[in-house]
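So the chains spell out like this:
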Amino acid sequence: MSLRRIRLIIWKEFLQLRRDPLLLRLILIMPIVQLIFFGYVVSADVRNLATALVDLDKSPTSRQLAASFSSSSYFTIEAYLQSETELKPLMNRGDVQVAIVIPEGTQARLESGEIAPVGIVVDGSDSRTAAVSSGYAAQTVARFNADRIVEQGLALSSPGIDARVRVLFNPSLRTVNTMIPGLIAAILMLSVMAIMSQAVVRERESGTLEQMFVTPITRGEYLIGKVTPYVLLAVLQMSLVALVGIFWFQVPFHGTFAAVAAGLGLFMLTVIGLGLLVSLAAHTRQQAQQTVLFIMLPMMLLSGFIFPIESMPAALVPVTYVMPLTWAVLLLRGVFVKGVGFSALVPELLVLAAFAILIFGAAVMATRRRLSE
Amino acid sequence: MTVPGLTGAAPDPAPAISVRGLTKRFGAFTAVNGIDFDVPRGQVFGFLGPNGSGKSTAIRMLTGSLAATSGLAYVLGEDVLAHPARVQRRIGYMSQKFTLFRDLTVEENLRFYAGVYGLSARQYADQRAYILQMADLVGREQELTANLSVGWQRRLALGTATIHSPELLFLDEPTSGVDPVARRQFWDLLYELANRGVTLFVTTHYMEEASHCNQLAFIYRGRLVAEGSPAEIRGRASRQQILEVAVATPDAALEVIEKVPEVIDAYLSGTTVHAVFLADGGERAFAESLIAALRSQGFAEVSVVRVEPTIDDVFVSLVSSQRATSSEYRVRSTGHRAQPRRRAE
């Protein structure tokens, strides 16, 4: 491994990039366009929200209220909790997006003709899900009140349950707050994968690869030299998005930088691996381009980056978990919006590490084999 | 371990290249099939064969960029299959494609390869001056190599391939697509290298270039079919003469020509048919009987010219004499694929 030769390849790669001003401009303008596009344009319908029930009243009324939530198609009660303190870890991990907290004495209050407040807690880290789910919760409670009045023959103005919505993590429910963390991961994938796959195929097509491999340049030196410039560019792009997001769109950053770096590092290895695999499988640049599109489109659509996973048909939900982007988006949203630390991100980090080992490892092995054919 | 095709003793490390039983398989396809040869130092060695015969595969194994399936290959006394890195610093390679970076300038390409081989600043300055002068590119250092015309690109590629003063230089069809004048200039440069003691391993399609070599080896379907000096090789084919038949439908004409009794061999060559016969002085009579045979079969426009054997003609004759007993062999297939190129008249 010679540092001098790696530096030469990096130098050459940057010279070639500089000769392609269109590509450079695209690399810098694309994230901004996407920022505006995904930040404001996209919205979606939400169903089957994972819901936690904290029933402290344990009365017929509270069970009835819970039933009216679970009978709507919007909420699926996945956890029954004994106290509100159990809720926070569930939300941190993203296991539930909504919680219904029925305080002790709800039935008693209603029977004595008082207003009975019920808490609806919403995870705001995906603002569209949050906005939609708090609306649904309010509707469900209103319907419950109306049914009760009819059933019990009460006066129309009788007090009922009052839904008090509380949004965790992103109280203002701004879409940019959730889009920008996701966008950072998506841009990393778009640019690294697209450019990586093109770059190696191009050198194979033109024969420059063949020429370099009869010199003392080793496969390892070539790979490192080739990948480094694009990693640096990707870091530049991501910083641009993060800075524009934080300073222009006022996206809050609550988490730790180390968690972001760890997650993105693993995700970067994965997408570099994907790009390399494409460039090895493809014989021409057109093939590489089509293959990248073929991989990228489902990844973007099914990762929860654009459309919330909760709004997808049940059959597609398992597919979302084999998309590396899904986990990167989850991780970044967790760090940015929720400000959770390493411990809450262990599942995401483990999955991303598994993807990195699997895909990057396969790519390196395939590269060694393929480049010596 | 037994090495298929291994003949005689262990390879001699003294020659520039020594190959025994070298074999490369890609799945079920055998690209190079147990070849043996030696290239003494300081020679110009011509490695000839049609496209797809295994030439490039062999070169890639000898330059250490492709692993062999079996066999032995010593380059400059080192086992190139086991330790390619020991050899790569001492050899140069020039492909038939232009494989320098087209979006870098002349100077940047030179600097890149000088750096790859670890030249000192002083060595680089010397080599740069020499290459620019040799390639006639003084004053054009800042031009992108994509904008150079083919002759200049070839010379720059040669200069770059020799920037580290290699002892052995591989040239894969270095003059393909170059006009005859530029080709001659290019060979002058090669001779200059040979005179400095550099061993040259050249593949070519041009007979006139093959005759510049000290030694020739012909490869066909992965096997060596002939070896010898140009004079020896030509001697084997010299008993034969070739008539080139131009006709509107060469495929149909070929079937008629094959049935003419004097014809030893006939095959498609580009858009014409080459008919081979023994050189016994009856050239005119033979041509007339050919034309008569074709006319009688309804071929109206027929022209017949005697041509000098091209590399492909020599090659076809070598292969067909080797395969004379084998009925599966059809010369037509090679004649079709390898388009012979002739010197500009």
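Along every chain, residues carry numbers that run from 1 in the direction the sequence is written. To label them, take the chains in the order written and letter them from A, then take the ligands in the order written and number them from 1. Given that this is a predicted model, residues contribute local features only at a pLDDT of at least 70 and side-chain atom pairs are listed and counted only at 80 or more, while totals for whole chains, interfaces and linings are drawn from all residues.

Caption draft 1: Region of the structure containing the overall build of chain B. In this text, helices come from DSSP runs of H or I with a minimum length of four residues, and strands from runs of E with a minimum of two, each type numbered from the N-terminal end. Along chain B, the regular secondary structure elements total 12 helices and 14 strands. When contacts within chain B are restricted to residue pairs at least 6 apart in sequence, long-range pairs at least 24 apart make up 68% of them. Our contact criterion uses C-beta atoms placed from the backbone: two residues qualify when those atoms are within 7 Å.

Caption draft 2: Inspection of the overall build of chain A at higher detail. Helix and strand counts for chain A come out as 14 helices and 5 strands. Residue pairs in contact within chain A that sit at least 24 positions apart in sequence constitute 81% of those at least 6 positions apart.

Caption draft 3: Representation of the interface of chain B and chain A within the structure. In this assembly, 21 residues from chain B lie in contact with 19 residues from chain A. For the side of chain B that touches chain A, the elements supplying multiple residues, two or more each, are helix H2 (84-88) and helix H3 (106-116) of chain B. Here the side of chain B that touches chain A takes 4 residues from H3 of chain B, the largest share from any one element. Any residue outside Ala, Val, Leu, Ile, Met, Phe, Trp, Tyr, Cys, Pro, Asp, Glu, Lys and Arg is labelled polar, Gly included; the first ten of those are nonpolar and the last four are charged. Residues belonging to the side of chain B that touches chain A are distributed by class as follows: 9 nonpolar, 7 polar and 5 charged.

Caption draft 4: Structural detail: the environment of glycine 304 of chain A. Residues and elements named next belong to chain A. Structurally, glycine 304 is set in the loop between helix H11 (285-302) and helix H12 (317-320). With 23 C-beta atoms packed within 10 Å, glycine 304 lands in the buried category. As for glycine 304 and threonine 320, which are separated by 16 residues in sequence, their C-alpha atoms are 7.7 Å apart. Counts of 20 or more other C-beta atoms within 10 Å of a residue's own C-beta define buried residues, counts of 12 or fewer define exposed ones, and intermediate counts define partly exposed ones; C-beta atoms are placed from the backbone.

Caption draft 5: Local environment of the sheet that holds strand S1 (residues 17-26) of chain B. All names here are of chain B. A pair of strands is labelled paired if DSSP reports no fewer than 2 bridges between them. Taken together, 4 strands build an open sheet; the order of strands is S2-S1-S4-S5 and the sheet is antiparallel. Here the strands that pair on one side only, and so sit at the sheet edges, are strand S2 (29-39) and strand S5 (78-79). Here S1 runs beside S2; their pairing, made up of 7 bridges, is antiparallel. Note that in S2 the partner of isoleucine 17 across the bridge is valine 39. Each of S1, S2 and strand S4 (70-75) touches helix H1 (residues 55-62); the most contacted strand, S1, lies at about 115° to it. Every angle, taken between N-to-C directions, lies between 0 and 180 degrees, and every axis is a line fitted to C-alpha atoms, over only the stretch in contact when it is a helix.

Caption draft 6: How the structure looks around the sheet that holds strand S11 (residues 240-246) of chain B. All names here are of chain B. The strand order across the open sheet formed by 4 strands is S12-S13-S11-S14, and the pairing between neighbours is antiparallel. This sheet does not close on itself; its edge strands, each paired only once, are strand S12 (265-269) and strand S14 (303-307). Going from strand to strand, the sheet's axes swing by 30° on average, the running direction of each strand aside. As judged from the 6 bridges shared by S11 and strand S13 (residues 272-278), these two strands associate in the antiparallel manner. Residue pairing for S13: isoleucine 242 is matched across the bridge by valine 276. Where helix H9 (residues 250-258) meets the sheet, it contacts S11, S12 and S13, and its direction lies at approximately 15° from that of S13.

Caption draft 7: The arrangement of unusual backbone geometry in detail. One non-glycine residue, lysine 58 of chain A, lies in the positive phi region at around 50°. One can find lysine 58 of chain A in the loop between strand S1 (49-55) and helix H3 (60-71). A positive phi angle, near 50°, is found at leucine 76 of chain B, a position not held by glycine. Structurally, leucine 76 of chain B is set in the loop between S4 and S5.

Caption draft 8: Representation of the nonpolar core within the structure. In these notes, a nonpolar core means any group of buried Ala, Val, Leu, Ile, Met, Phe, Trp, Tyr and Cys residues linked to one another through C-beta atoms within 7 Å. Ile184, Ala185, Leu188, Met189 and Val192 of chain A together with Ala73 and Phe201 of chain B are the most contacted members of the largest nonpolar core, which has 166 residues in total. The residues touching alanine 73 of chain B, leaving out its near neighbours within four places in the chain, are Val19, Leu22, Met61, Leu62, Ala68, Val80 and Leu81 of chain B. By size, the runner-up hydrophobic cluster in this structure holds 28 residues, among which are Leu53, Val118, Val122 and Val132 of chain A.

Caption draft 9: Structural context of the pairing of strand S3 (residues 98-102) of chain A. Residue and element names in this part refer to chain A. Among the 5 residues that make up S3, 5 are buried, leaving the element largely enclosed by the rest of the structure. In this structure, S1 lies alongside S3, joined through 5 bridges in parallel fashion. If you follow leucine 53 over to S3, its bridge partner there is isoleucine 100.

Caption draft 10: Main features of the confidence of the model for chain A. The pLDDT score gives, residue by residue, the confidence of the prediction method on a 0 to 100 scale. Averaged over chain A, the pLDDT score is 82; the fraction of residues at 70 or greater is 94%. For chain A, helix H2 (residues 21-40) of chain A is the element with the lowest average pLDDT, namely 74, and helix H1 (residues 3-18) of chain A is the one with the highest, namely 92.

Caption draft 11: Quick look at helix H10 (residues 257-281) of chain A. Between its first and last C-alpha atoms H10 of chain A spans 36 Å; for 25 residues at 1.5 Å apiece the expected length is 36 Å, and the two agree. With 19 of 25 residues buried, H10 of chain A is to be regarded as a mostly interior element. Multiplying 1.5 Å by the helix residue count minus one yields the expected span of that helix.

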